[in-house]
Amino acid sequence: MGEHKTSMKAPKILILGGGYGGLRAAITLQERLKAQAEITLISKHDYHYQTTLLHKVAIGTLSARKARIYFRKILDLDKVRFIKDKILSFDPENKRVFGNGGAYEYDYLIIALGFKPDDFGIKGVAEHAHKLSSLNAALKLDKLIEYRFKEYCHTKNDDDLSVIVCGTGFTGIEFAAELGSRLDELCLIGGIPREVPKVTCIGRSERILPMFSKKASALAKKKLEAFGVDVICDGEVIECKENGVVIKQNGEERHIKGNTILWSAGVKGNDSLEKSSFETTKGRIKVDEYLRCPQYKNIYVVGDCALYASRDAIHAPTAQLAAQMGDYVGKSLIKILNGTTQKKPFKFQHRGTVCSIGHTDGVGIIYKKSIGGEFAAFLKNFIENKWLYGIGGAKLVFKNGQFRYRTSN
Ligand SMILES: Cc1cc2nc3c(=O)[nH]c(=O)nc-3n(C[C@H](O)[C@H](O)[C@H](O)COP(=O)(O)OP(=O)(O)OC[C@H]3O[C@@H](n4cnc5c(N)ncnc54)[C@H](O)[C@@H]3O)c2cc1C
């Protein structure tokens, strides 16, 4: 990897996006960089949000306050400048990016703009389905669900209490389980018979959570069903409508009624990248072994908008992967700025994955061992808290952390 040529001016490092990848890169740089550099983080909100908690915010079991961390409160502003802006386009030839606030120049660029839901061009998804793509989107969904439950005494419209979740991967299952676990309370508040609300979770694959073992996925399905969630596998959503979805299952079409639809069937990279001159596959840039953009060696791409393959296996986009990538790129830049080279290619350490099933249950794999039940829920909280510790120390864990006997609603 190239070395930094000494110049009179401090080199400019520009980080785009303050999610798991971008924020981790900024923190690594601020903690370890001794050489002089101008570091700027640009993100479209003035806070980092824990995407992995959005399903809880969307159901109202976690207040948005707890999933939101203001950048200026945790960054060392003498070392990292924060700018709130939305990035719109790129000019890599002239080392510039453009946002609503104008042009930003860089010597080194870290692109960490995250994901966008992928609707695969399916009719009606854009218009009728909600997506868990930001804190604001999660809050909107929370308000809608609660409103519909509270107004049921006037509307008496059963479809208002029918929630359809498209996608049986991580996001869909965590959301459906969180909602399932809150149905008793919502029914009690609204004086609604428990048999009226319906939650249906639809997936194209033959089983839910296909990244887990068959046993773990069967266990997760059983737990969901215990909450009263209907799980439909091998069902392809072919259209979303205002009042439900049309699915194709075993060659036959079916209409599932419901006024609240969540689309969580897939993600792609950021749309600003799709429109750029970078070579992308579904908005994601295929990076080299040092996480650089193959066309421009001063541009790094991390997190969900990077397509990273090791030994030809493409890794699924996760917060764990994004954070490791951000840390690696931060360290690589430190080496370059100190006049040495990064010789070690990036290597993803897959420590495991946990899917929560409500606040006190879950399934997962940790260091290749299957886990479940309350222990899985404990580890899920531990993972969230470890992230907080890494970016803001013990103080942030006590303030925003996840603990067994406190749901912070
Ligand atoms: C409900 C849900 C649950 C999940 N659970 C897990 C889990 O348990 N474990 C796990 O490992 N992964 C989980 N994931 C996936 C994980 O959240 C993502 O892989 C991770 O957030 C990717 O990190 P990132 O830094 O690439 O992007 P993000 O965390 O999405 O960050 C992108 C950042 O860029 C900003 N941004 C976007 N566009 C622009 C723009 N144009 N201009 C400026 N700023 C912009 C955003 O505001 C955001 O701050 C979950 C995802 C969801 C939705």
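None of the values given here were measured: they were computed from a predicted structure.

Caption draft 1: Structural view of the sheet that holds strand 19 (residues 280-281). Reading across the sheet, the three strands line up as 19-20-23 and stay open at both edges, with mixed pairing between neighbours. Both outer strands of the open sheet, strand 19 and strand 23 (306-307), are each paired with one neighbouring strand and no more. The pairing of strand 19 with strand 20 (residues 284-286) spans two bridges and is antiparallel. Pairing of threonine 280 across the sheet is with isoleucine 285, part of strand 20.

Caption draft 2: Local environment of the layout of surface pockets. Quantified by volume, the second largest pocket comes out at close to 310 Å³. Forming the walls of the second largest pocket are 13 residues, and the residues nearest its centre are Ile69, Lys73, Leu396, Lys399 and Asn400. Those elements that provide at least two residues to the lining of the second largest pocket are helix 3 (64-67), strand 4 (68-70), helix 4 (71-74) and helix 11 (373-400). Among the elements that line the lining of the second largest pocket, the one with the most residues is helix 11, at six residues. Looking at which domains feed residues into the lining of the second largest pocket, each of domain 1 (12-115 + 269-349) and domain 3 (351-408) gives three or more.

Caption draft 3: Region of the structure containing the pattern of salt bridges. Per the counting criterion, the structure on display carries 18 salt bridges. A salt bridge links arginine 24 to glutamate 31, with the nearest nitrogen and oxygen atoms 3.7 Å apart. One salt bridge connects arginine 182 with glutamate 146, and the closest N-O pair in it is separated by 3.7 Å. Here arginine 182 is found in helix 7 (residues 170-190), whereas its partner glutamate 146 is found in helix 6 (residues 135-155), with 36 residues between them in sequence. You can call arginine 182 buried: its relative accessible area is 8%. The structure contains a network of salt bridges with shared partners spanning Arg24, Glu31, Asp327 and Lys331.

Caption draft 4: Quick peek at the sheet that holds strand 6 (residues 87-91). Pairing within the open sheet is antiparallel, and its three strands lie in the order 6-7-8. Every interior strand has two partners, whereas the edge strands, strand 6 and strand 8 (102-105), have only one. Averaged over all pairs of adjacent strands, the angle between their axes in this sheet comes to 25°, without regard to strand direction. Inspection of the sheet shows strand 6 paired to strand 7 (residues 96-99) by four bridges, in the antiparallel sense. Each bridged residue has a counterpart across the sheet, and for phenylalanine 90 the counterpart in strand 7 is valine 97.

Caption draft 5: The arrangement of the side chain of lysine 223 in detail. As for its position among the elements, lysine 223 is in helix 8 (residues 214-226). Within polar-contact distance, the side chain of lysine 223 engages the side chain of aspartate 361 at 2.9 Å. With sequence-adjacent residues up to four places away left out, lysine 223 is seen in contact with Ile357, Asp361, Gly362, Val363 and Gly373.

Caption draft 6: Geometry of the site of the ligand. Taken together, 33 residues form the shell around the ligand, and within it Gly21, Ile87, Asp304, Ala319 and Lys380 come nearest. Note that an oxygen atom of the ligand is positioned 3.5 Å from one of the backbone N or O atoms of threonine 318. Lysine 380 is positioned with one of its side-chain polar atoms (N or O) 2.4 Å from an oxygen atom of the ligand. Alone, the ligand offers 1000 Å² of accessible surface; in the complex the protein occludes 94% of this. Those elements giving two or more residues to the shell around the ligand turn out to be helix 1 (20-32), helix 7 and helix 10 (319-337). In this structure, the shell around the ligand is formed jointly by two domains, domain 1 (12-115 + 269-349) and domain 2 (125-266), each of which donates at least three residues.

Caption draft 7: A look at the nonpolar core. The biggest cluster of nonpolar side chains holds 65 residues, and the ones touching the most others in it are Ile13, Leu16, Phe90, Ile110 and Ile111. The dominant element in this core, judged by the number of residues it contributes, is helix 10, at ten residues. Each of domain 1 (12-115 + 269-349) and domain 3 (351-408) accounts for three or more of the residues forming this core. The next biggest cluster of nonpolar side chains, apart from the first, holds 45 residues, and it includes Tyr47, Val57, Ile192 and Phe212.

Caption draft 8: Summary view of helix 10. Taking 1.5 Å as the rise per residue, helix 10 with 19 residues should run 27 Å; its terminal C-alpha atoms sit 27 Å apart, in good agreement. Among the 19 residues of helix 10, 14 are classified as buried, and the element is accordingly described as predominantly covered. Where helix 10 terminates, the next one or two residues include glycine 339, which has phi positive at roughly 85°.

Caption draft 9: Inspection of helix 7 at higher detail. In this model, helix 7 (21 residues) spans 29 Å end to end at C-alpha, consistent with the 30 Å of a helix rising 1.5 Å per residue. The sharpest bend along helix 7 comes to roughly 45°, located at arginine 182.

Caption draft 10: Up close: a positive patch on the surface. On the surface, Arg65, Lys73, Lys395 and Lys399 cluster together into a positively charged patch. Following the sequence through the fold, lysine 399 ends up in helix 11.

Caption draft 11: The packing of helix 6 against helix 7, seen in detail. Their axes nearest at 10 Å, the elements helix 6 and helix 7 cross at an angle of 35°. Where helix 6 crosses over helix 7, the two elements pack in a sense that is right-handed. Each of Leu141, Ile145, Glu146, Phe149 and Lys150 in helix 6 lies in contact with helix 7, whose residues at this interface are Phe175, Leu179, Arg182, Leu183, Leu186, Cys187, Ile189 and Gly190. When its residues are assigned to classes, the contact of helix 6 with helix 7 shows nine nonpolar, one polar and three charged.

Conventions used here
- Residues numbered from 1 in each chain as written.
- Predicted model: local features only at pLDDT ≥ 70, side-chain atom pairs only at ≥ 80, totals over all residues.
- Heavy atoms only, no water.
- Pairing = 2+ DSSP bridges.
- Helix = DSSP H or I, 4+ residues; strand = E, 2+ residues; numbered from the N terminus.
- 1 Å grid on protein atoms, 1.4 Å probe; cavity = no way out; pocket = protein on both sides within 12 Å on 5 of 7 lines; lining within 4 Å.
- Points joined across faces, edges and corners; volume = space filled by probe spheres on them.
- Domains from an automatic or database assignment.
- Salt bridge = Lys/Arg side-chain N within 4 Å of Asp/Glu carboxyl O.
- Buried < 20%, exposed > 50% of the residue type's maximum accessible area, 1.4 Å probe, protein only.
- Axes fitted to C-alpha atoms, helices over the stretch in contact; angles between N-to-C directions.
- Polar contact = N/O pair within 3.5 Å; in protein donor to acceptor, adjacent residues only side chain to side chain.
- Contact = heavy atoms within 4.5 Å.
- Near = heavy atom within 4 Å.
- Areas by Shrake-Rupley, 256 points an atom, 1.4 Å probe, with all protein chains shown as cover.
- Core = buried A, V, L, I, M, F, W, Y, C linked by side-chain atoms within 4.5 Å.
- Expected span 1.5 Å × (residues − 1).
- Bend = angle between axes of the 7 residues up to and from the residue.
- Patch = residues over 30% accessible without salt bridge, like charges linked within 9 Å, V, L, I, M, F, W, Y side chains within 5 Å.
- Lys, Arg positive; Asp, Glu negative; His and termini not counted.
- Charge placed at Lys NZ, Arg CZ, Asp CG, Glu CD.
- Left-handed = near helix turned anticlockwise from the far one by under 90°.
- Nonpolar A, V, L, I, M, F, W, Y, C, P; charged D, E, K, R; others polar.

Read these as layout, nothing more, since geometry by itself doesn't imply function.
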